Amino acid sequence: MTRTARLYALVEELRAAAPRPRTVAALARRFEVSDRTLQRDLQALMQAGVPVRAIPGRGGGWAIDPETTLPPIHLTAGEASALTAVLAAADATTPYAGEARTAAQKITAAMTGAVSAAVRELAARIVTLPSDGDPATRTAVEQAITGNLVLRLSYTDAAGHASERVVEPAGLLTAGGRWYLIAWCRTRRAGRGFRLDRIMAAAPTGEPARPRDLTELLRGSAAAGAVPPAAFAP
């Protein structure tokens, strides 16, 4: 078994045992490796962001939260290539670009044989021009949307006018290669769209935002006909 295959099998072993922990010794016997090798594998998973944790004390060991991980997903070569292409194109102005990058790396690492070679060859043929987006601003917007938090913005509109806004995020809109934060603007007391690359600074306030209906905020605007991406359709 290759190390990559063992790492994925180790995650599934911990998922199957959850919430009970497994000891390093038991896991090492299961995968026929030394305790030291198994310990290195667990550390590698932690560094990769997999939610494994050590539980100290008698009856302790290593465990994983099954609610924060996904079971194995079997992709065809075409599906893996499509996901790699889409994820590889995420740049600094794309929401959740960091997560997209690590997801693309995991997909590529999970492929073997001819499929792996095809996916890696495709990834090598996709390039992007660097954008000027601020990763800190993008991260703040992501946190506000995911946590449903009120967001404070420094924004420059198309005419170059700068303003400070406090907004309640409703969702994201993509159109014409641009990304927009759709939110209820407390300053304008109406729904507004804020182009992500025009947000100069952003910070979640920690205040819970009132739930806003994205479709309702888009009603009457140029984006009134927006629909969920085809990939999310039932």
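Predicted model only: the values in this text are computed from it and were never measured. (Residues numbered from 1 in each chain as written. Predicted model: local features only at pLDDT ≥ 70, side-chain atom pairs only at ≥ 80, totals over all residues. Heavy atoms only, no water.)

Caption draft 1: The arrangement of the pattern of salt bridges in detail. Inspection of the entire model under this criterion finds 13 salt bridges. Among the salt bridges present, the one from glutamate 13 reaches arginine 22, with a minimum N-O distance of 2.7 Å. Assigned by exposure class, glutamate 13 and arginine 22 land together as buried. Between aspartate 197 and arginine 195 there is a salt bridge whose closest N-O contact spans 2.7 Å. One continuous salt-bridge network, built from bridges that share partners, spans Glu168, Arg186, Glu207 and Arg212. (Salt bridge = Lys/Arg side-chain N within 4 Å of Asp/Glu carboxyl O. Buried < 20%, exposed > 50% of the residue type's maximum accessible area, 1.4 Å probe, protein only.)

Caption draft 2: Structural detail: the environment of aspartate 132. By the element assignment, aspartate 132 lies in the loop between α6 (113–124) and α7 (135–147). For the pair formed by aspartate 132 and aspartate 91, sequence separation is 41 residues and the distance between their alpha carbons is 9.5 Å. (Helix = DSSP H or I, 4+ residues; strand = E, 2+ residues; numbered from the N terminus.)

Caption draft 3: Highlighting the pairing of strand β1 (residues 52–55). When β1 meets strand β2 (residues 61–64), the two strands line up antiparallel, connected through four bridges. For alanine 54, the partnering residue across the bridge sits in β2 and is tryptophan 62. Once β1 ends, the chain turns through five residues before running back antiparallel as β2, passing glycine 57 with a positive phi of about 90 degrees. (Pairing = 2+ DSSP bridges.)

Caption draft 4: Region of interest: the environment of valine 52. Within the secondary structure layout, valine 52 lies in strand β1. Relative accessible area serves as the criterion here: at 6%, valine 52 is assigned to the buried category. For the pair valine 52 and proline 66, spaced 14 residues apart in sequence, the C-alpha separation works out to 9.7 Å. If we ignore the near neighbours within four places in the chain, the residues touching valine 52 are Leu14, Leu42, Leu45, Met46, Trp62, Ala63 and Ile64. (Contact = heavy atoms within 4.5 Å.)

Caption draft 5: Representation of the confidence of the model for the chain. Summary statistics for the chain give a mean pLDDT of 85 and a share of 95% for residues scoring 70 or more. Mean pLDDT across the secondary structure elements of the chain bottoms out at α6, with 76, and peaks at strand β3 (residues 149–156), with 96. (pLDDT = per-residue confidence, 0-100.)

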